[in-house]
Amino acid sequence: MAHEICVKAVVDDPSTLGDCPFSQRVLLTLEEKNVPYEMHLINVNDKPQWFLGVNPEGKVPVIKVDDKWVADSDVITGVLEEKYPSPSLVAPSDVSSVGSKIFSAFVTFLKSKDPSDGSEQALVDELKALDDHLKGHGPYINGENICSVDLALAPKLYHLQVALGHFKKWTVPESLTHVHNYMKLLFSRESFVKTKPAPDHVIAGWAPKVNA
């Protein structure tokens with residue numbers, strides 16, 4: 001039986017999958033584990049009453065597992081791993097925090113109005129640390145097989161690539177060859193192609209934060 005999952009819709013097109021990286025992380029997990037699901041696209045600016053009834057906080061994603069609605073992408077992916085252990089996406093503890101500071105560094109740099117505030121270098125440093133890890137352990141975070149850390153990072157790296165390319169005309173330094181190869185690997189996976197938002201929707205999602 002397919003799991004019901006509520007994810008963000010495009011605000012001005014409620015029939016289209018939106019730009020939430022945490023929603024995509026859960027969809028990627030379901031796809032990689034070949035678990036059937038049924039999507040409910042939620043307009044986060046006009047949440048339906050039934051959705052608020054099952055999920056009073058109103059956040060996405062939420063998924064129905066064993067007749068219970070489960071929120072928070074960290075919790076959801078853990079529950080799915082427990083319920084569907086094969087193929088395993090478990091990340092060993094020594095790699096579980098790889099790349100964990102990239103998203104916050106990206107957001108800080110994206111919103112920065114001061115070129116000399118160090119935010120660009122801080123992001124480059126985090127990406128360099130990822131590149132160093134991949135050089136010794138790649139092609140994925142945990143070697144040959146994709147794991148939960150990759151599925152958490154993939155949507156964030158996609159947002160980074162699209163948003164920084166649009167708003168700052170910035171790209172990941174060419175010298176970080178392992179990061180470039182990693183992003184190509186992730187973005188070409190069937191699970192990613194099937195669940196990624198359109199670049200225009202990523203840009204529209206970040207525009208209010210960039211222009212604030």
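Note that the structure is predicted; figures quoted are calculated from it, not measured.

Chemist: So what about the packing of aromatic side chains? Which residues, and what values?
Modeler: For the structure on display, the rule yields 9 aromatic pairs. Each ring, one from F106 and one from W206, has its centre 5.2 Å from the other, and the planes form 80 degrees; the classification is edge-to-face. Of this pair, F106 sits in helix α4 (residues 102-111) while W206 sits in helix α9 (residues 199-210), and the two are 100 residues apart along the sequence. Residue classification places F106 among the buried residues on the basis of a relative accessible area of 0%. The positively charged end of K168 is found above the aromatic ring belonging to F109, 4.9 Å away from the centroid.

Chemist: Any details on helix α6 (residues 148-167)? Residues and values, ideally.
Modeler: Between its terminal C-alpha atoms α6 stretches 29 Å, which fits the 28 Å expected from 20 residues at 1.5 Å a residue. The principal kink in α6, of about 25 degrees, is found at A154, preceding the proline P155 by one to four residues. In terms of burial, α6 is a largely internal element, 14 of the 20 residues being buried. Of the residues one or two after α6, K169 is the one with positive phi, at around 50 degrees.

Chemist: So, the side chain of K8: which residues are in play, and what are the values?
Modeler: If you trace the backbone, K8 turns up in strand β1 (residues 3-10). Residue K8 is classed as buried on the basis of its relative accessible area, which comes to 19%. Looking at K8, its side chain comes within polar contact range of the side chain of D19, at 2.7 Å. Leaving out residues up to four positions away in the same chain, K8 has contacts with L17, G18, D19, C20, S23, L41, I42, V44 and V60.

Chemist: Provide a residue-level description of the environment of V26, including the pertinent values.
Modeler: Residue position: V26 is located in helix α1 (residues 21-32). Note: C-alpha distance between V26 and A152 (126 residues apart in sequence) is 8.5 Å. Those residues in contact with V26 that lie beyond four places of it in its chain are I5, P61, S73, I76, T77 and L80.

Chemist: Lay out the packing of helix α5 (residues 119-137) against helix α7 (residues 177-188) in plain terms, naming residues and giving numbers.
Modeler: Viewed as axis vectors pointing N to C, α5 and α7 meet at an angle of 80 degrees, and their least axial separation amounts to 7 Å. In terms of orientation, α5 lies roughly perpendicular with respect to α7. For the pair α5 and α7, contact is made by L127, L130, D131, L134 and K135 and by T177, H178, V179 and Y182, respectively. Of the residues belonging to the contact of α5 with α7, the class tally is 5 nonpolar, 2 polar and 2 charged.

What counts and what doesn't
Residues numbered from 1 in each chain as written. Predicted model: local features only at pLDDT ≥ 70, side-chain atom pairs only at ≥ 80, totals over all residues. Heavy atoms only, no water. Phe/Tyr/Trp six-rings, centres within 6.5 Å; stacked < 30°, edge-to-face > 60°. Helix = DSSP H or I, 4+ residues; strand = E, 2+ residues; numbered from the N terminus. Buried < 20%, exposed > 50% of the residue type's maximum accessible area, 1.4 Å probe, protein only. Lys NZ or Arg CZ within 6 Å of the ring centre and 35° of its normal. Expected span 1.5 Å × (residues − 1). Bend = angle between axes of the 7 residues up to and from the residue. Polar contact = N/O pair within 3.5 Å; in protein donor to acceptor, adjacent residues only side chain to side chain. Contact = heavy atoms within 4.5 Å. Axes fitted to C-alpha atoms, helices over the stretch in contact; angles between N-to-C directions. Parallel < 35°, antiparallel > 145°, perpendicular 65-115°, else oblique. Nonpolar A, V, L, I, M, F, W, Y, C, P; charged D, E, K, R; others polar.

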